[in-house]
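Next come the chains, spelled out residue by residue.
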Amino acid sequence: MHPVSCRRCGTCVLVKKNSLAHTEIQWTTDTSACAELWRDHRPDVMHSVTPTCEAMRGSVEQAVRDGLVPVPGEEERVP
């Protein structure tokens, strides 16, 4: 797994790509450190079963584009 820090809050997670569509994320800190996830856990706010943070998602996607998180089977497609 590869460390990726959120560009917004600096929270670090471990990331593994199994394919372009499948991403595993392991939080290394309590998710309450993320302001976006914390906001989404208020009882008066609707949220999905699996909470997401768009800033972290963007940080992970950028790390993949930058080659910091490899995607199996995609190495030969990179120019």
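The rules behind these values
Residues numbered from 1 in each chain as written. Predicted model: local features only at pLDDT ≥ 70, side-chain atom pairs only at ≥ 80, totals over all residues. Heavy atoms only, no water. Pairing = 2+ DSSP bridges. Helix = DSSP H or I, 4+ residues; strand = E, 2+ residues; numbered from the N terminus. Axes fitted to C-alpha atoms, helices over the stretch in contact; angles between N-to-C directions. Expected span 1.5 Å × (residues − 1). Buried < 20%, exposed > 50% of the residue type's maximum accessible area, 1.4 Å probe, protein only. Core = buried A, V, L, I, M, F, W, Y, C linked by side-chain atoms within 4.5 Å. Contact = heavy atoms within 4.5 Å.

Draft legend 1. The sheet that holds strand S3 (residues 23-27), seen in detail. Overall, antiparallel pairing links the three strands, which are arranged S1-S2-S3 in an open sheet. The open sheet terminates on both sides in strands that have one partner only, identified here as strand S1 (2-5) and S3. Across this sheet, the average inter-strand angle for adjacent strands is 35°, counted without regard to direction. In the sheet, S1 pairs with strand S2 (residues 12-17) via four bridges, with the strands oriented antiparallel.

Draft legend 2. Here's a closer look at the pairing of S3. Here S2 runs beside S3; their pairing, made up of five bridges, is antiparallel. The residue bridging Lys17 from the neighbouring strand is Thr23, located in S3. Linking S2 back to S3 in an antiparallel pair, the connection comprises five residues.

Draft legend 3. Helix H2 (residues 54-65), seen in detail. Between its terminal C-alpha atoms H2 stretches 16 Å, which fits the 16 Å expected from 12 residues at 1.5 Å a residue. Where H2 is concerned, the buried positions are Ala55, Met56, Gly58, Ser59, Val60 and Ala63. Backbone geometry just downstream of H2 places Gly67 in the positive-phi region, at approximately 80°.

Draft legend 4. How the structure looks around the nonpolar core. Membership of the largest hydrophobic core is limited to 12 residues, which are Val4, Cys6, Val13, Val15, Cys34, Leu37, Cys53, Ala55, Met56, Val60, Ala63 and Val69. Only S2 and H2 provide two or more residues apiece to this core. Dropping the residues within four chain positions of it, Ala55 is found in contact with Cys6, Arg8 and Glu36.

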